[in-house]
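Residue-level listing of the chains:
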Amino acid sequence: MLVLQKILFMLLCDLVFVGILLAVLIPLAQNRKAAFAVLKRNFVGYFSNPTGYVFLCLFVLLTSLAAFWPPEFFVSNMANLDQLNKWLPQIMLIFIPAITMSIWAEERRQGTDELLLTLPATDFDIVIGKYLAAVLIFTCSLLFSQICTFIVLGWLAQGNVDTGLFFTTYFGYWFIGLAMLAVGMVASFLTNNLTVGFILGLAFNAPLAFANYLTAMVSDPSYATWLTRWSLSHQFDDFGRGVISLASISFFVLVTGIFIYVSMILIGSRHWYGGKDGQSMIAHYLVRGLALFITLAGINVALSNWNFIRRDMTEGKVSSISPDTKRLIRNIDSKHTVVIDAFLSREVPEDYVSIKYTIISMLKELQAAAPGKIKVNLHSDIEAYGEEASLAQEQFGIRPTPVRFATRGAIKDQDIILGAAVSCGLERQVIPFFDYGVPVEYELARSISIAARGARKVVGLVETDAKMQGGFEMAGGMMPRQIPKQAIVAELEKQYTVEQVNPAEPIDTSKYDALMVVQPSSLGPLPLSNVAAAIAKGIPTAIFEDPAPRILASAVGTNQPKQAQGGMFGGGQPPEEKGDIRALWDMLGIQPIGDFSKSEIPGKVVWQTYNPYPRLQQITGLGPELVFIRNEVPGARDPLNSSDPITSGLEEVLFPFPGAIQSSGTVKDLEFIDLVTTSETHSGTIDFTPMMGGVANEDYGVATGKRYVLAARIQAKPGSEAENKEGDASPESDTAKEGDADKKGDKKDEASERKHSGVNVVYVADIDLLDSQFVAIRAGRDRMGDDFDFHFDNVTFVLNIIDSLAGDDRFIEIRKRKPRFATLELIEEQTQAARAAELNAISGAKKKMEESIKTEEGNAKKAYADAELKKQELDRRRAEGEQVDPDEYRAVEVQLELLREAAQRRLEVTRVRLQQENERTIQSQRRITERQVQGVQNLCKFWAVFLPPIPPLVVGLFVFMYRRLREREGIAKTRRR
C-alpha cells in the first residue's frame, strides 16, 4: 500500500512538472507560431518511427542497469540512485547525440533545410523550435526511466523511498540533458551526415562528461580542482544529494544559453559568411561568443561562491545542516579561514556507507553555507595505505582504523580511513575517525567552533573513588591495579578543559563553569562538605550517585563501607570514613527509594521488564536490572522528558542496576524536574546485597505501579531567596556533629549564609552509564549484525547534561540530530529470514552435538562402571576392617584406570568427530545462506532490468499498430498486402 502511495505521489509531482512545461509552451504556440510548428514537426517525427522507441528502450535499459546492476548497490543497502549518478554522464554520451544528430543533419541530407530557412520565421524561432523538440523528446524518455526506476526502487525499499531525493535527482538529470542537448545541437549544425553528427555530438559533450577524471591526469591539485568544477558530475552533485541550488541550476542554464547562441550564429552565418565583410563578421562573432562565455562563467563562479538559494528537498533532511550549525558558523569571528582536510577511503563496509555519504554531504553544505569562512579539501577515494593515506598520517595523525562487520553470515575485518582535520590559524582539531554512532554534523560543528574560537569552558571533575581520570587501586591484591581513564572524560576534553578538583580543599567556584561529581558518597566528611558548599554557592553540578555500581566497580555503593587499603597479606590502612550523604540529599530536597535512614535494607535497585533486545537476555542471561529507557516503553509517560533539552530527542538510554530518587518536598524553594523515568506497569524495585555482588534473589515479584525517577534536574525556583535549614548545606559525619559547641556555632553561621537560589544540579541515580563500554558501543566499530544493533544515547545524555549546566548549549540539538536513510527493506527482510534459518540450523546442530556428547559420556561411564563398582566394594571392605588382597586391589585399580583411559580416548575421538561435523554443518549452512542472499539479489537485478524497458516497448508497439491501421484506412482490400 505504501508503495502505491509513493508511486501516486511521484506521478503527481511529474504531472506538476509537465504542467509547468506546458505553461511555458502555450505562450510559445500563441506568440511564436513558426517556432511551435518546428517543435511539433520534429517531436512527432521522432516518435513516428521505430528508431525513436529503440533508443528510448535502450535509454531505460541502460539507466536500469546502471542503477541496480552494480554490486555496490546492494553493498551500500541504500534506496537511492548513487550508482546511476556515477554512470549517467556516460549514458548521456550515447543517448543525447542519438537525439541531436538528426536535428539539422537530417534536414540537409533530405534537402529540406532550404525550405525551412525560407519560412517566415526568424533564426531564433528555428533554433528554439528544434531545441525544444529535442528537450521534449528527452523529457519523455526521462519520465519513462523515472517511473520505471521508481517502481523498482519502491518495491525493493517496500515503499520507503525518499521521494524528495528521487525527484530532485531526476530533476538534475533533466538539467544535464538540457546542457548536453544544446551542445549536441551545435554538432548537428556542422554536418549533413547522421553518423558524423552522432560522433561530433559525443566528442563535444565528452569534455563536460569526463572533466571530473582530470585529477588523475593533472599534477597540480589546485588546477585539477578548478577544471573538475566545470564537469557535469561536479555541478550535478547538489541534485544527487537532494539539494536544489541556484549555483547548479545556473551552470546548466548558462551552458545551454551559450550553445543555443552558438547555434544561432551558425544558422545565421548564411547571411554574412563569404565576403570581405563576412570575414570580419567571423571575428566579430568570435569576440561576441567569447565575451558571452566569460560573462556567463563569471556569473556562475559568483553564484557558486555566494550560493544564497539552497533547498534540501530530502524527506529526512539528510543533505542540509541544522539551523544551530548555521548560526554557529555565522558567529565565527576569526581572521583566518577554517580549512577542513577530509580523508575518506574509497571502499567502506555497508555499515559505513551512509557515514561516508553524510561526511561528504555535510562538508559540502558547510562550505556552501560559509564560502568565505570555510574551505574544504576533500580526498574521498583514497586507499588505506596509499600516498594520500601517508599524507593524512604524517600531517594530521589520521590513520587507517580497523573495523569489524558482518556480511553474508561471515565476520570480516577491514582497515578504513574516515577522518578529518579542522585548522584555523595555529589551532587544529583532528577527528581521527568518524565513529558509527557519532553524528557527523556534531563532530564537524564542534571541531570548527573549537578551532575557530580557541577558548574553552572549564569543567571540574571532582576526585572520588570512581577514579574517572584513572589511577591505581590498592585493595584486594599484592600489586596495585591500574584503572584507565574513562572514555567519557576524553569525550568531554574534546569540547572542554577538564581539570581534576581536589575536594579536600575549598572549591573555587569562580574557576569552573560546571562540576562533575561521580559517587559523592565515597568522599570523606570534609571533601563532601566542600562539594556541598560549592553547590550551595551556585556552581552548576552534575551528580552521579549509584546504590549498586556493577560496571564501574572501583567505587562502592551508596551505603557500602569503603574497603581497607592494603595487600593480600593484610596490614593495610583501615577503610576511610565516608561523609553523610543524607545531608547532601536534604540540601537538594530529595530522597532515594529505600531511604537508608528508615530501613535496614542496604539498598534498592530499580528493574524494568522491557527489553528491546530479546536475544541479549537469551544469550547472556541478564535480568531486568538492565533498565532500557525508550519512548515506546509500555506504560511509560514521557520517559525521556521531551520538554527538557537534555533528554528531548534521545532515542534510548541504558541504566544498569540504577537507583531512583524522588522529591522529599521539604525544600519549597527548589524545583524538581523529572528527566528520566520508568514505566508504571513494568517496573519495580529489588533489594541489593553488596556482599553477594548482586541482587538478593531472582524473584522480582510484580510491578509496583509506580514510575521511578532515574535522573532529575534540581534547580532554584525563580526569585527564591529562602535560607537553608541548619546543617542542610554542610554534610558532616556523626563524629563531627558531636564536636564542641563553638565549632557547631561556626558551622551554623556558615550554613545560614547559603541560599538555595543558586542551586543548579542534575542528579542521576546511576554511575555505570558512564562506563567506557558505552562510548565503544556508540562508536560501533565491532558491529556484529542486527542482533545487537544498539542505539544507546548514554554518551549524548551525559554530554547534554554537562553542556546544559556549563551554559554551552551550542551543540545540544546538533548532537541529537541523526540522519535517516531509506534502505532496501525487501533485501533486508529476505536476508534476515535466511540468516534466521541459518541460526536455527546452527543451533540445532549444536544441540544435537551436545546431546551426542552427553550420550557418549554416558557410554564411557558404563564402560568402566563394573570395575568402578568392584573397586568401591573393595574400598568399603577395607574401610570396615576386612582383609583385602593387595594384588587384587592393585589389579582392580589398574583395570579401572585402563578402562577410564580407553573410554576417555574414545570420548575425545567422538568429540572431535562431532565438532568437525558441526563445523561442516555450520559452513554448509552459511554457504546455503550466502546462495540464498545472492539469489535474492540476482532475482531483484533481473526484474529491475527486465521490467523497465517494457512500458516504452508497449507504447512503441501501440503507436506502430495505430499508424498501420490509419495507413490502411480507405485502401481497397485488393490493394492491401
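Everything below is about the structure printed above this text.
Residues numbered from 1 in each chain as written. Predicted model: local features only at pLDDT ≥ 70, side-chain atom pairs only at ≥ 80, totals over all residues. Heavy atoms only, no water.

Trainee: I keep staring at the overall build of the protein chain and nothing clicks. Help me out?
Mentor: Of the regular secondary structure elements, the protein chain holds 31 helices and 26 strands. Within the span of the protein chain, comprising 977 residues, buried residues form 48% of the whole. For the protein chain, the accessible surface area stands at approximately 46700 Å², while carbon and sulfur atoms represent 57% of it. (Helix = DSSP H or I, 4+ residues; strand = E, 2+ residues; numbered from the N terminus. Buried < 20%, exposed > 50% of the residue type's maximum accessible area, 1.4 Å probe, protein only. Areas by Shrake-Rupley, 256 points an atom, 1.4 Å probe, with all protein chains shown as cover.)

Trainee: Hey, could you run me through the environment of Ala845 in this one?
Mentor: Inspection of the secondary structure puts Ala845 in helix α28 (residues 825-863). On the basis of relative accessibility, which here comes to 15%, the residue Ala845 falls in the buried class. Separated by 77 residues in sequence, Ala845 and Ile922 place their C-alpha atoms 8.0 Å apart. Those residues in contact with Ala845 that lie beyond four places of it in its chain are Asn918 and Thr921. (Contact = heavy atoms within 4.5 Å.)

Trainee: In this structure, what is going on with helix α1 (residues 2-31)? I would like to understand it.
Mentor: Along an α-helix, a turn takes 3.6 residues, which lines up residues three or four apart on a common side. Relative to the 44 Å expected for 30 residues at 1.5 Å per residue, α1 spans 44 Å between its end C-alpha atoms, a close match to the ideal helical length. The set of residues buried in α1 consists of Lys6, Ile7, Met10, Cys13, Asp14, Phe17, Leu21, Leu25 and Leu28. Packed against the buried residues of α1 are α2 (33-46), α8 (123-156) and α9 (163-189). (Expected span 1.5 Å × (residues − 1).)

Trainee: Honestly, the side chain of Thr63 in this entry has me stumped. Any pointers?
Mentor: Here Thr63 shows up in helix α3 (residues 50-68). Polar contacts involving the side chain of Thr63 include one to the main-chain carbonyl oxygen of Val60, which spans 2.8 Å. Among the polar contacts listed, one links the side chain of Thr63 to the side chain of Ser145, at a separation of 3.0 Å. If we skip the residues at most four places from it in the chain, Thr63 touches Leu84, Leu88, Ile91 and Ser145. (Polar contact = N/O pair within 3.5 Å; in protein donor to acceptor, adjacent residues only side chain to side chain.)

Trainee: How should the nonpolar core be read in this particular structure?
Mentor: Across soluble globular proteins, you tend to see nonpolar side chains buried next to one another. Core analysis: the biggest nonpolar cluster contains 88 residues, and Leu84, Tyr131, Phe138, Leu153, Leu156, Trp174 and Phe252 have the highest contact counts within it. Sorting elements by how many residues they give to this core places α8 first, with 16 residues. With near-sequence residues (within four places) excluded, Leu156 lies in contact with Phe68, Phe73, Leu824, Glu825, Leu826, Ile827 and Cys940. (Core = buried A, V, L, I, M, F, W, Y, C linked by side-chain atoms within 4.5 Å.)

Trainee: Any chance you could explain the pairing of strand β3 (residues 338-345) here in plain terms?
Mentor: Extensive coverage of β3 is indicated by the burial of seven of its eight residues. Relative to strand β4 (residues 374-382), β3 runs parallel, the two sharing seven bridges. Paired with Phe343 across the two strands is His379, which belongs to β4. Since β3 and β4 lie parallel, the crossover through helix α16 (residues 350-369) that links them has a hand, and here it is right-handed. Here β3 pairs with strand β7 (residues 418-424) via six bridges, running antiparallel. The residue of β7 that forms the bridge with Val339 is Ser423. (Pairing = 2+ DSSP bridges. Right-handed = clockwise from strand over helix to strand, strands pointing away.)

Trainee: Hey, could you run me through the packing of α9 against helix α12 (residues 232-240) in this one?
Mentor: For any two helices packed against each other, one specifies the crossing angle of their axes together with the interaxial distance. Look at α9 against α12: their axes get within 8 Å of each other, and the N-to-C directions meet at 155 degrees. Here α9 is positioned roughly antiparallel relative to α12, judged by the angle of their axes. In this structure, α9 meets α12 at a crossing whose hand is right-handed. On α12, the residues touching Leu165, Thr168, Thr169, Phe171, Gly172, Tyr173, Phe175, Ile176 and Met180 of α9 are Leu232, Phe236, Phe239 and Gly240. Looking at the contact of α9 with α12 residue by residue, the classes come out as nine nonpolar, four polar and no charged. (Axes fitted to C-alpha atoms, helices over the stretch in contact; angles between N-to-C directions. Parallel < 35°, antiparallel > 145°, perpendicular 65-115°, else oblique. Left-handed = near helix turned anticlockwise from the far one by under 90°. Nonpolar A, V, L, I, M, F, W, Y, C, P; charged D, E, K, R; others polar.)

Trainee: Whenever I open this one, empty space enclosed by the protein confuses me. Can you help?
Mentor: In this approach a probe as big as a water molecule rolls over the atoms, and the regions it shows empty are the leftover space. The tally for this structure, following the rule as stated, stands at four cavities of 30 Å³ or more. Roughly 110 Å³ of internal volume is contained in the largest cavity. Lining the largest cavity, in full, are Asp14, Phe17, Thr139, Leu142, Leu143, Gln146, Phe167, Tyr170, Phe171 and Trp174. For the lining of the largest cavity, the secondary structure elements donating two or more residues are α1, α8 and α9. When its residues are assigned to classes, the lining of the largest cavity shows seven nonpolar, two polar and one charged. Of the pockets and cavities examined, the second largest cavity occupies roughly 100 Å³. Residue lining of the second largest cavity: 13 residues in total, with Pro547, Thr558, Pro592, Gly659 and Ala660 positioned closest to the centre. Across the lining of the second largest cavity, the residue classes tally to nine nonpolar, two polar and two charged. (1 Å grid on protein atoms, 1.4 Å probe; cavity = no way out; pocket = protein on both sides within 12 Å on 5 of 7 lines; lining within 4 Å. Points joined across faces, edges and corners; volume = space filled by probe spheres on them.)

Trainee: How should I be thinking about the side chain of Arg713 in this particular structure?
Mentor: Counting through the fold element by element, Arg713 comes out in strand β25 (residues 709-716). Once residues lying within four places of it in the same chain are set aside, the contact partners of Arg713 are Asp644, Ile646, Glu671, Phe672, Ile673, Leu675, Asn760, Val761, Val762 and Ser804.

Trainee: Explain the pattern of salt bridges here, please?
Mentor: According to the stated counting rule, one finds 33 salt bridges in the structure shown. Across the salt bridge formed by Asp237 and Lys364, the nearest N and O atoms sit 2.7 Å from each other. Here Asp237 is found in helix α12, whereas its partner Lys364 is found in helix α16, with 127 residues between them in sequence. For Arg630, the salt bridge goes to Glu632, with nearest N and O atoms at 3.3 Å. Using a relative accessible area of 48% as the deciding quantity, one classes Glu632 as partly exposed. Taken together, the shared-partner salt bridges in this structure form one network comprising Asp237, Asp238, Arg241, Arg310, Lys364 and Glu365. (Salt bridge = Lys/Arg side-chain N within 4 Å of Asp/Glu carboxyl O.)

Trainee: How should unusual backbone geometry be read in this particular structure?
Mentor: In most cases, non-glycine residues show a negative phi, while peptide bonds are predominantly trans. One non-glycine residue with positive phi stands out, namely Asn77, at about 60 degrees. Mapping Asn77 onto the fold places it in the loop between α4 (71-76) and α5 (82-100). According to the relative accessible area criterion, Asn77 is buried, its value standing at 8%. Despite not being glycine, Lys467 shows a phi value in the positive range, around 50 degrees. Note on placement: Lys467 falls in the loop between β9 (458-462) and β10 (471-473). Accessibility expressed as a relative area gives 22% for Lys467, which makes it partly exposed.

Trainee: Would you mind showing me how to read the sheet that holds β3 here?
Mentor: Strands in a sheet are paired, the pairing made by backbone hydrogen bonds, and the direction either parallel or antiparallel. An order of β4-β3-β7-β8 is seen for the four strands of this open sheet, with the pairing classed as mixed. Each edge of the open sheet is held by one strand with a lone partner, namely β4 and β8 (427-431). When the angles between neighbouring strand axes are averaged without regard to direction, this sheet yields 10 degrees. Of the strands in this sheet, β3, β4 and β7 touch α16, which is tilted by about 155 degrees from β4.

Trainee: In this structure, what is going on with the packing of α5 against helix α10 (residues 194-210)? I would like to understand it.
Mentor: Here α5 crosses α10 at 150 degrees, and the two axes come no closer than 9 Å. Judged by the inter-axis angle, α5 sits roughly antiparallel to α10. For the pair α5 and α10, the sense of crossing is right-handed. On α10, the residues that touch Pro89, Gln90, Leu93, Ile94, Ile96, Pro97 and Ala98 of α5 are Phe198, Gly201, Leu202, Asn205, Ala206, Ala209 and Phe210. Residue composition of the contact of α5 with α10, by class: 11 nonpolar, three polar and no charged.

Trainee: Please clarify how the pairing of strand β26 (residues 760-764) should be interpreted in this entry.
Mentor: Two faces belong to every sheet, and in a regular strand the side chains alternate between them. Counting buried residues along β26, five of its five residues qualify, which places the element largely inside the surrounding structure. Of the strand pairs in this sheet, strand β14 (residues 541-544) and β26 are connected by four bridges, and their pairing is parallel. Opposite Ala542, over in β26, you have Val762 as the bridge partner. Judged from the five bridges that link them, β25 and β26 form a sheet pairing that is antiparallel. For Ile714, the partnering residue across the bridge sits in β26 and is Val761.

Trainee: What is the right way to look at the packing of aromatic side chains in this model?
Mentor: Think of a pair of aromatic rings as described by two things: how far the centres are apart, and how the planes are tilted against each other in angle. Following the criterion strictly, the structure yields 35 aromatic pairs and no others. Residues Phe17 and Phe171 carry aromatic rings whose centres are separated by 6.2 Å and whose planes lie at 85 degrees to one another, so their mutual orientation is edge-to-face. Taken as a pair, Phe17 in helix α1 and Phe171 in helix α9 lie far apart in primary sequence, 154 residues in all. Comparing Phe17 with Phe171, the two get one shared label, buried. Note on Phe655 and Phe797: the rings are 6.1 Å apart at their centroids and 65 degrees apart in plane angle, and the pair reads as edge-to-face. A residue pair is termed long-range when its members are at least 10 positions apart, and Phe655 in strand β20 (residues 653-656) and Phe797 in helix α26 (residues 794-806) qualify at 142 residues. Summarising the burial analysis for this pair, Phe655 and Phe797 share the class buried. Lying over the aromatic face of Phe657, Arg550 brings its terminal NZ or CZ to 4.4 Å of the ring centre. Lying over the aromatic face of Trp69, Lys941 brings its terminal NZ or CZ to 5.3 Å of the ring centre. (Phe/Tyr/Trp six-rings, centres within 6.5 Å; stacked < 30°, edge-to-face > 60°. Lys NZ or Arg CZ within 6 Å of the ring centre and 35° of its normal.)

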